[in-house]
Amino acid sequence: MAQTGRPLSPHIQVYKWQVQMVTSILHRATGIILAVGSLLLVWGLAALAADPEAFATFTDCAGSPLGMIVLVGWTLAFFYHLANGIRHLVQDTGKGYAIQSFVRSSWASIIVAIVLTVAVWAYVLAGGHA
Amino acid sequence: MSKDLRNPLARARGLGSAKEGVSHWMLQRITALALVFLTVWFVATILRLTHADYATARATLAQPWNAVLLIALIVTMFRHAVLGMQVVIEDYVHTRWLEVASLVLIKFIAVLAALAGVLAVLRIALGS
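Residues numbered from 1 in each chain as written. Chains lettered and ligands numbered in written order. Predicted model: local features only at pLDDT ≥ 70, side-chain atom pairs only at ≥ 80, totals over all residues.

**A few points about the overall build of chain B**
Where we set the bar: The way it works is that DSSP assigns letters per residue, a run of H or I at least four long becomes a helix, a run of E at least two long becomes a strand, and they are numbered from the N terminus. Our radius of gyration looks at C-alpha atoms and nothing else; its globule reference is 2.2 Å times the residue count to the power 0.38. We call a residue exposed when 12 or fewer other C-beta atoms sit within 10 Å of its C-beta, buried when the count reaches 20 or more, and partly exposed for counts in between; the C-beta positions come from the backbone. Two residues form a contact once the distance between their C-beta atoms, set from the backbone, is within 7 Å.
Broken down by element type, chain B carries five helices and zero strands. Shown N-terminal to C-terminal, the secondary structure of chain B runs as helices and strands in the order α-α-α-α-α. For chain B, whose C-alpha radius of gyration is 20 Å, the value lies well above the compact-globule estimate of 14 Å for 128 residues. Each of the 128 residues in chain B was classed as buried or not, and the buried ones make up 18%. In chain B, the share of contacts with a sequence separation of at least 24, taken over all contacts with a separation of at least 6, comes to 69%.

**A word on the UniProt feature "transmembrane region" (unreviewed entry) in chain B**
All names here are of chain B. The test is simple: UniProt positions are given in the numbering used here, feature names are shortened, and annotations may be inferred rather than shown by experiment.
In this structure's numbering, the residues bearing the UniProt feature "transmembrane region" (unreviewed entry) are residues 26-47, 67-89 and 101-126. Structurally, residues 67-89 comprises 100% helix and 0% strand, and the distance from its first C-alpha atom to its last is 33 Å. Across residues 101-126, the secondary structure splits into 100% helix and 0% strand, with the terminal C-alpha atoms separated by 37 Å.

**Some points on the interface of chain B and chain A**
Rules: In this classification, the charged set is Asp, Glu, Lys and Arg, the nonpolar set is Ala, Val, Leu, Ile, Met, Phe, Trp, Tyr, Cys and Pro, and all remaining amino acids, among them Gly, are polar.
At the junction of the two partners, chain B supplies 25 residues and chain A supplies 24 residues. Taken together, the residues that form the side of chain B that touches chain A break down as 17 nonpolar, five polar and three charged.

**Regarding helix α2 (residues 23-48) of chain B**
All names here are of chain B. To keep things clear, this is the line we draw: A helix's residues, less one, multiplied by 1.5 Å, set its expected span. Given a residue, its bend is the angle between the two axes fitted to the seven residues that end at it and to the seven that start from it.
For α2, spanning 26 residues, the distance from its first C-alpha to its last is 37 Å, which sits close to the expected 38 Å at 1.5 Å a residue. The largest bend in α2 comes to about 30°, at Leu-35. Turning to α2, its buried residues number three or more, namely Gln-28, Thr-31, Ala-32 and Leu-35.

**Comments concerning the nonpolar core**
How we decide: Remark: nonpolar core denotes a set of buried Ala, Val, Leu, Ile, Met, Phe, Trp, Tyr and Cys residues whose joining runs through C-beta atoms within 7 Å.
Counting residues in each nonpolar core, the largest one holds 34 residues, and the members touching the most others are A:Leu45, A:Leu48, B:Phe78, B:Ala81 and B:Ala120. Going through the elements one at a time, α1 (19-50) and α3 (65-92) of chain A together with α2, α4 (64-92) and α5 (96-126) of chain B are the ones with two or more residues in this core. In terms of residue count, the dominant contributor to this core is α1(A) (nine residues).

**Things to note about unusual backbone geometry**
The backbone of B:His51 shows a phi angle near 65°, a positive value even though the residue is not glycine. Since 11 C-beta atoms lie within 10 Å of it, B:His51 is described here as exposed.

**As for the packing of α3(A) against helix α4 (residues 99-125) of chain A**
Residue and element names in this part refer to chain A. Threshold: Between N-to-C directions, angles span 0 to 180 degrees; the directions come from axes that are lines fitted to C-alpha atoms, helices contributing only their stretch in contact. Crossing handedness is read from the near helix: turned anticlockwise from the far helix by less than a right angle, it gives a left-handed crossing, and turned clockwise, a right-handed one.
With their axes 8 Å apart at the nearest point, α3 and α4 run at an angle of 145° to one another. Considering how the two elements wind past one another, α3 and α4 form a crossing that is right-handed. Counting all contacts with α3, which are made through Val-72, Thr-75, Leu-76, Phe-79, Tyr-80, Ala-83, Asn-84 and Arg-87, the residues of α4 involved are Ser-105, Ser-109, Val-112, Ala-113, Leu-116, Thr-117, Val-120 and Trp-121. Partitioned by chemical class, the residues of the contact of α3 with α4 number ten nonpolar, five polar and one charged.

**Things to note about the packing of α1(A) against helix α2 (residues 52-63) of chain A**
Residues and elements named next belong to chain A. Our working definition: Comment on the angle field: the value is read as roughly parallel under 35 degrees, roughly antiparallel over 145, roughly perpendicular from 65 to 115, and oblique elsewhere.
Relative orientation of the contacting elements α1 and α2 amounts to 150°, with a least axis distance of 6 Å. As far as their axial angle goes, α2 and α1 are roughly antiparallel. As for how α1 packs across α2, the hand of that crossing is left-handed. Taking contact as the criterion, the partners of Trp-43, Gly-44, Ala-47, Leu-48 and Ala-50 in α1 are, on α2, Ala-54, Phe-55, Thr-57 and Phe-58. Taken together, the residues of the contact of α1 with α2 break down into seven nonpolar, two polar and no charged.

**Things to note about the confidence of the model for chain A**
Going by this rule: Looking at any residue, its pLDDT shows the predictor's confidence there, from 0 to 100.
Summarising the model, chain A shows a mean pLDDT of 91, and 95% of its residues fall at 70 or more. The secondary structure element of chain A with the lowest average pLDDT is α2(A), at 94, and the one with the highest is α3(A), at 97.

**Quick notes on the environment of B:Asn7**
Within the secondary structure, B:Asn7 sits in the segment before α1 (8-13). Taking C-alpha positions, B:Asn7 is 45 Å from B:Leu70, a pair spaced 63 residues apart along the chain.

Following this line, the structure appears as structure tokens:
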């Protein structure tokens, strides 16, 4: 940072923890995760287009312990970015800025993401039969 | 005296100092709205393919509507990803050459990945 000698605004550690801080930075973090994940999606499609052996390599990687961790993380990142993204689209219309509803919708994004992730993985681990 | 320091033409064009007005902001929202539907459709489609074999997975994605939606998803997703990554890089990378290099790099990667993805879907759909 440039040494301008100007007074600085108080840094992160002086603020009381609030859920809005978390939802804001998580939206960016999950966005980056999803951008990287989109490259893996292309890998899967390219493998499916190539031949059964290439696709088997892809599904083996996806089904490995590390692959499962990545997939669960991707699912959580996806549902969070989706829920919080919809929240932002609603806020873009000028709604939901009162402190109470802002906090409540922040928690809603987090909770919806966790619930949908658990639901999807319960479905997958049950063998794809709801 | 006018309260607005911009000249009337600049005001009418509404393009501001970045010369593109609100187009970045607007495109980010429009792609976001499209992705709400496309990604939910995609996850539902993939979930129905859980534990499916190669032939079933390929035949499903080869269906015209699935192929069309998949291509729409790929293009929209990478466009949205570049818009988002661009803002993150602009905010956090303070070394100018590194910032510019990163901005160009993510665009190159996104275009190549999107083309590769679209080609893969076409190969699946057209059976080649």
